[in-house]
Amino acid sequence: MKQAMPGNSKAGMSLIVKTITRLTVGLILLFGIYIVLHGHLSPGGGFAGGVIIALSFVHLMLAFGKDVAVRKFPKDMASNLESLGALMFLSIALLGLLGGSFFLNILGKGKPFSLFSAGTIPLSNIAISLKVGVGLFAIFLALVILEKAKKEE
Amino acid sequence: MELHLLLLFMIFAAVVAVEVKDLLSSVIAVGSVGFALCLAFLILKAPDLAITQLVVEILCLIILIRATLKKDLPLVIEGRWVFNTLSTLTFIGVFLFFAYLALKELPAFGHPLMSVAKRYLDEGVSKTGAVNIVSAIILDFRAYDTLGEATVLFTSVIGIMAILRRPGRRKIE
């Protein structure tokens, strides 16, 4: 897999894979964001959308090698964002205490079938997607870094 | 009331797990915290979470005990077969008795089991405003369960990052 390619960078797979990846990875990321934002309207939701977002970065890492993906998404940022997602979900839950009880849906219900509806559910979806996506990507990153450290020994 | 007792027990067991010197006793104390948490979930009416907690706790205990103990536990059976057989038969009898009581309470075959789920289906859209019923259930009616699962995922990611980070590996070498 790791063969020296003439051109932009040495790490990663062949030129064909890199070109296709450059064309598709943005679309995959956009599709993940779409699944998250429409979680309360169509099948999917925070968990599935988060995994798709994580997979887009994993795709980038497989095709271009570790360094490109890490430059786009450093490990510190990953752990910060994951904690941010968890805190966001918890604070949405605590926000319900303002209306009387834990996890109460205090925002307006809105009109069904419109994007801005269902109160706190879209916000919870975004928080969960942040947590799941970044968390799974961080696990993959940790495993890759471990593999690399093993090879250096 | 029971919940407060359980919480006190969990705090006590956690302190024991940190303070005790013997590694196996510490693992057992951690396991008792987990099983008390499982009971607490049952009292709080979250059966799905209680089942998950129970299964995960058993798996973790097995792994931790296997990691703690270097060799197999000696199994002494000579000269105690009367006691062993009697206790086995007693426990089978107790289990069958309670299983009979529990099975009698089940609704007859074909009766609607999902009286709660039917309410979710009827009132999901009007109460939450979300058209996707799955989202409405996991993020509104059953948001506690989702919070528990998110916590489990968060903890597992932290654990993996802590085990696989590089400074920790350097130290061992």
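Residues numbered from 1 in each chain as written. Chains lettered and ligands numbered in written order. Predicted model: local features only at pLDDT ≥ 70, side-chain atom pairs only at ≥ 80, totals over all residues.

Peer 1: What is the right way to read the overall build of chain B from this model?
Peer 2: Of regular secondary structure, chain B possesses 8 helices and 0 strands. Moving toward the C terminus, one meets the helices and strands of chain B in the order α-α-α-α-α-α-α-α. When contacts within chain B are restricted to residue pairs at least 6 apart in sequence, long-range pairs at least 24 apart make up 37% of them. (Helix = DSSP H or I, 4+ residues; strand = E, 2+ residues; numbered from the N terminus. Contact = placed C-beta atoms within 7 Å.)

Peer 1: I keep staring at the overall build of chain A and nothing clicks. Help me out?
Peer 2: Across its full length, chain A holds 5 helices and 0 strands. Start at the N end of chain A and walk to the C end: the helices and strands fall as α-α-α-α-α. For chain A, the proportion of its 153 residues judged to be buried stands at 35%. (Buried ≥ 20, exposed ≤ 12 C-beta atoms within 10 Å, placed from the backbone.)

Peer 1: Is there a simple way to explain the confidence of the model for chain A in this structure?
Peer 2: Any residue range with low pLDDT should be treated as having predicted coordinates unsuitable for detailed reading. Residue and element names in this part refer to chain A. On average, chain A scores 78 in pLDDT, and the residues at 70 or more come to 88%. Across chain A, the element-wise mean pLDDT spans from 77 in helix α3 (residues 66-72) up to 88 in helix α1 (residues 15-37). Counting contacts from residues 1-7, a segment whose pLDDT is below 50, to residues more than four positions away or on other chains yields 6 contacts. (pLDDT = per-residue confidence, 0-100.)

Peer 1: Where do I start with the confidence of the model for chain B in this structure?
Peer 2: Across chain B, the average pLDDT comes to 81, with 87% of residues at or above 70. Taken together, the chains of this predicted complex give a pTM of 0.62 and an interface ipTM of 0.71.

Peer 1: Just checking my understanding: could you explain the interface of chain A and chain B for this structure?
Peer 2: Interfaces are often described in size by the accessible area the parts lose on coming together. Across the boundary between the two partners, chain A contributes 34 residues, which contact 23 residues of chain B. Per-element tally for the side of chain A that touches chain B: the top contributor is helix α5 (residues 121-152) of chain A, with 14 residues. A class-by-class count of the residues in the side of chain A that touches chain B yields 19 nonpolar, 12 polar and 3 charged. (Nonpolar A, V, L, I, M, F, W, Y, C, P; charged D, E, K, R; others polar.)

Peer 1: In this structure, what is going on with α1 of chain A? I would like to understand it.
Peer 2: Residues spaced three or four apart along an α-helix face the same direction, because each turn holds 3.6 residues. End to end, α1 of chain A covers 34 Å across 23 residues, agreeing with the expected 33 Å (1.5 Å per residue, within 8%). Residues G32, I35 and V36 of chain A constitute the buried set of α1 of chain A. (Expected span 1.5 Å × (residues − 1).)

Peer 1: Just to check I follow, could you spell out the nonpolar core for this structure?
Peer 2: Formed by 40 residues in total, the largest nonpolar core has its most connected members in F89, F137 and A138 of chain A. When neighbours within four sequence positions are excluded, F89 of chain A is seen to be in contact with S124, A127, I128 and K131 of chain A together with L147 and A150 of chain B. Counting residues in hydrophobic clusters, the runner-up holds 5 residues, among them A36, C38, A40 and L49 of chain B. (Core = buried A, V, L, I, M, F, W, Y, C linked by C-beta atoms within 7 Å.)

Peer 1: Quick question: what am I supposed to make of the packing of helix α5 (residues 115-128) of chain B against helix α6 (residues 133-141) of chain B here?
Peer 2: When two helices pack together, their arrangement is given by the angle between the helix axes and the distance between those axes. All names here are of chain B. One way to put it is that α5 packs onto α6 with a least axis distance of 10 Å and a crossing angle of 75 degrees. Accordingly, the angle class assigned to the pair α5 and α6 is roughly perpendicular. Contacts from Y120, L121, G124 and T128 of α5 reach α6 at I133, A136, I137, D140 and F141. A class-by-class count of the residues in the contact of α5 with α6 yields 6 nonpolar, 2 polar and 1 charged. (Axes fitted to C-alpha atoms, helices over the stretch in contact; angles between N-to-C directions. Parallel < 35°, antiparallel > 145°, perpendicular 65-115°, else oblique.)

Peer 1: What exactly am I supposed to notice about the environment of I92 of chain A here?
Peer 2: Residue and element names in this part refer to chain A. Assignment of secondary structure puts I92 in helix α4 (residues 75-99). I92 gets classed as buried once you count the C-beta atoms within 10 Å, which come to 24. I92 sits 13 residues away from N105 along the chain, and the two C-alpha atoms are 9.1 Å apart. Excluding anything up to four places from it in sequence, I92 contacts T120, L123, S124 and A127.

Peer 1: Would you explain the packing of helix α1 (residues 2-19) of chain B against helix α2 (residues 23-43) of chain B in this entry?
Peer 2: All names here are of chain B. It is at 8 Å that the axes of α1 and α2 come closest, and there the two elements cross at 165 degrees. The orientation of α1 relative to α2 falls into the category roughly antiparallel. Considering only the axes of α1 and α2, their crossing is left-handed. Contacts between α1 and α2 involve E2, L3, L6, F9, M10, A13, A14, V16 and A17 from the first element and S26, A29, V30, S32, V33, A36, L37, L39, A40 and I43 from the second. Of the residues belonging to the contact of α1 with α2, the class tally is 16 nonpolar, 2 polar and 1 charged. (Left-handed = near helix turned anticlockwise from the far one by under 90°.)

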